[in-house]
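Residues per chain are reported as follows:
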Amino acid sequence: MDPSLRGSSVYVREDNDEVVIVTVTGSGVTEVARHKRGEPYGYVISDKHKDPSHPSGPLVRHPIPTNETEGKFLGITTEAGTWLERAASLGTKKIPDTMGLMVKASSQSACAAIVESLAIGDFSYTTMKALLAKAQQVTPAPAAREVESLGSSTLPYAKLKAVSACR
């Protein structure tokens, strides 16, 4: 379709076995596309309707923040965008409330909650609140004797725990 129509209102109607797309201009109603109607629940792709400046192949889309809270949420960790996409695709309720909760928390705690939520596949507000509370619990540093007692077989696991996707 004509790239100049992006953001404009268009109207679609049927004409026998064709679909007709029109727009209203200063000179009246103008037809902008017409093609054969597809099967129910199917689709029709016509290269002549494609904007030549658009890249070919699958589109890679990332959430774009529309307000300050969304921007701060997406800035917590690179996984925040994935969290938002998955939560939205599942129809999770209270996503704005959850993002606000995460933004108010420390970035390390919020990041840990987001990463764990992705791992378990649960994005509900209640779960996120519980994961955040769990992440905010302060674990005392081990005494020197405990660190020294880590045998060579467990030392790699101690180091792994320190690795984080958080910024």
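See the structure printed just above.
Residues numbered from 1 in each chain as written. Predicted model: local features only at pLDDT ≥ 70, side-chain atom pairs only at ≥ 80, totals over all residues. Heavy atoms only, no water.

## Considerations on the overall build of the chain
Part 1: Assigned secondary structure in the chain consists of 7 helices and 3 strands.
Part 2: In the chain, which comprises 167 residues, the share counted as buried stands at 24%.
Part 3: Relative to all contacts within the chain whose residues are 6 or more apart in sequence, the contacts with residues 24 or more apart total 43%.
Part 4: Approximately 12,100 Å² of the chain is accessible, and the part contributed by carbon and sulfur atoms is 56%. (Helix = DSSP H or I, 4+ residues; strand = E, 2+ residues; numbered from the N terminus. Buried < 20%, exposed > 50% of the residue type's maximum accessible area, 1.4 Å probe, protein only. Contact = heavy atoms within 4.5 Å. Areas by Shrake-Rupley, 256 points an atom, 1.4 Å probe, with all protein chains shown as cover.)

## Here's the deal with the packing of helix 4 (residues 107-120) against helix 5 (residues 125-136)
Part 1: Relative orientation of the contacting elements helix 4 and helix 5 amounts to 130 degrees, with a least axis distance of 8 Å. Here helix 4 is positioned oblique relative to helix 5, judged by the angle of their axes. Helix-helix and strand crossings are classified by hand; for helix 4 and helix 5 the assignment is right-handed. Where helix 4 abuts helix 5, its residues S109, A110, A112, A113, I114, E116, S117 and I120 lie against T127, M128, L131, L132, K134, A135 and Q136. (Axes fitted to C-alpha atoms, helices over the stretch in contact; angles between N-to-C directions. Parallel < 35°, antiparallel > 145°, perpendicular 65-115°, else oblique. Left-handed = near helix turned anticlockwise from the far one by under 90°.)

## Some details on the packing of aromatic side chains
Part 1: Per the stated rule, a full pass over the model turns up 2 aromatic pairs.
Part 2: On the basis of an interplanar angle of 65 degrees and a centroid distance of 5.4 Å, the ring pair of F73 and W83 is categorised as edge-to-face. A residue pair is termed long-range when its members are at least 10 positions apart, and F73 in helix 1 (residues 68-74) and W83 in helix 2 (residues 79-89) qualify at 10 residues.
Part 3: Classification of F73 as buried rests on a relative accessible area of 0%.
Part 4: Relative to F123, the ring of W83 has its centre 5.9 Å away and its plane inclined at 80 degrees; by these criteria the two rings are edge-to-face. Taken together, the residues W83 in helix 2 and F123 in the loop between helix 4 and helix 5 connect sequence positions 40 residues apart.
Part 5: One aromatic cluster is present, built from ring pairs that chain together F73, W83 and F123.
Part 6: Across the ring face of Y125, the terminal group of K94 is positioned such that the distance to the ring centre comes to 5.1 Å. (Phe/Tyr/Trp six-rings, centres within 6.5 Å; stacked < 30°, edge-to-face > 60°. Lys NZ or Arg CZ within 6 Å of the ring centre and 35° of its normal.)

## Describing the sheet that holds strand 2 (residues 18-25)
Part 1: On the basis of which strands lie adjacent, the open sheet formed by 3 strands has the order 1-2-3 and antiparallel pairing. The sheet is open, and its two borders are formed by strand 1 (11-15) and strand 3 (28-36), each paired with just one other strand. Each adjacent strand pair in this sheet contributes to an overall mean axis angle of 30 degrees, direction not counted. (Pairing = 2+ DSSP bridges.)

## Concerning the pattern of salt bridges
Part 1: Taken as a whole and judged by the stated rule, the model has 7 salt bridges.
Part 2: With its nearest N and O atoms 3.1 Å apart, the salt bridge here joins E68 to K72. With a gap of 4 residues between them, E68 and K72 both fall in helix 1, about one helical turn apart.
Part 3: Salt bridges sharing partners connect three or more residues here, namely D15, E18, E31 and R34. (Salt bridge = Lys/Arg side-chain N within 4 Å of Asp/Glu carboxyl O.)

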